[in-house]
Amino acid sequence: IVANDNNVYVIGMMGGDNFVVFKDDGTLMDTLFNDDAYANIFILSLDANAGDLSWAQKIENTAGTVGGMDIAVNSEGVYITGMCHNNADFPALTTITAPSNSFAFLSKLDDITGLEEWTKTFWGGSTGNDAGFAVATDNNHGVLITGHYQSNPFYLDTDTVLYNADQKDVFF
């Protein structure tokens, strides 16, 4: 959970048929997602004053696990990190298929609509499990991410490659 002056943002995991949000008095506010996906990441924006739902988005994987690990916000957008096994459908209908078992991701979402502006993926050349665990923003408009990788090699981008002995190592 993270907040700014106007909104509260929440990231988490869900599975099953329906994901619903209730008001304080127990009445139904909204059925956000109605599908039978194996696992989804949900991202919510709530009005900080009234608690009303501003928007809801999901990252879906119908064949494996996804995990929304952390969320950060600044004046430029909402940033999320986590992990997905094999493939994932992001809020702008971008489908990412990774060549390894799981991949770490960093996404920027529009703070008004929750739609994906961009997604950066990090994965390796083996079947190791890779995941983003924390994201933060700084005062210079930078975005920082940390996580672990087990893939060997592990690609942060085309020029930065990390190697390990097939153990879980940390990246940041």
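That block above? That's the structure.
Note that the coordinates shown come from a computational prediction; the quantities given were computed from them, not determined experimentally. (Residues numbered from 1 in each chain as written. Predicted model: local features only at pLDDT ≥ 70, side-chain atom pairs only at ≥ 80, totals over all residues. Heavy atoms only, no water.)

A. Local environment of the overall build of the chain. Looking only at helices and strands, the chain features zero helices and 15 strands. Among the 172 residues that make up the chain, the fraction classed as buried is 45%. Taking the contacts inside the chain whose residues are at least 6 apart along the sequence as the reference set, 47% of them involve residues at least 24 apart. (Helix = DSSP H or I, 4+ residues; strand = E, 2+ residues; numbered from the N terminus. Buried < 20%, exposed > 50% of the residue type's maximum accessible area, 1.4 Å probe, protein only. Contact = heavy atoms within 4.5 Å.)

B. Geometry of the pairing of strand S6 (residues 53–61). The pairing of strand S5 (residues 39–47) with S6 spans eight bridges and is classified as antiparallel. Bridged to Phe-42 within S6 is Lys-58. Taking the residues that link successive antiparallel strands as the turn, the S5-S6 hairpin has five residues, and the phi of Gly-51 there is positive, at about 80 degrees. (Pairing = 2+ DSSP bridges.)

C. Summary view of the nonpolar core. Of all hydrophobic cores here, the largest spans 20 residues; its most connected members are Ile-43, Ile-59, Ile-71, Ile-80 and Phe-105. If you list the elements that add at least two residues to this core, you get strand S2 (7–14), S5, S6, strand S7 (66–74), strand S8 (77–89) and strand S9 (95–109). The contacts of Ile-43, once residues within four sequence positions are left out, are Val-10, Ile-11, Trp-55, Ala-56, Gln-57, Lys-58, Ile-59, Ile-71, Ile-80 and Leu-109. By size, the runner-up hydrophobic cluster in this structure holds seven residues, among which are Ala-72, Ala-104, Leu-106 and Ile-145. (Core = buried A, V, L, I, M, F, W, Y, C linked by side-chain atoms within 4.5 Å.)

D. View of the packing of aromatic side chains. For the structure shown, the criterion picks out three aromatic pairs. The interplanar angle of 45 degrees and the centroid separation of 6.1 Å between the aromatic rings of Tyr-9 and Trp-55 together place this pair among those described as tilted. A residue pair is termed long-range when its members are at least 10 positions apart, and Tyr-9 in strand S2 and Trp-55 in strand S6 qualify at 46 residues. Summarising the aromatic geometry, the rings of Phe-90 and Phe-105 are spaced 5.3 Å apart at their centres and angled 80 degrees between planes, so their arrangement reads as edge-to-face. Of this pair, Phe-90 sits in the loop between S8 and S9 while Phe-105 sits in strand S9, placing them 15 residues apart in sequence. (Phe/Tyr/Trp six-rings, centres within 6.5 Å; stacked < 30°, edge-to-face > 60°.)

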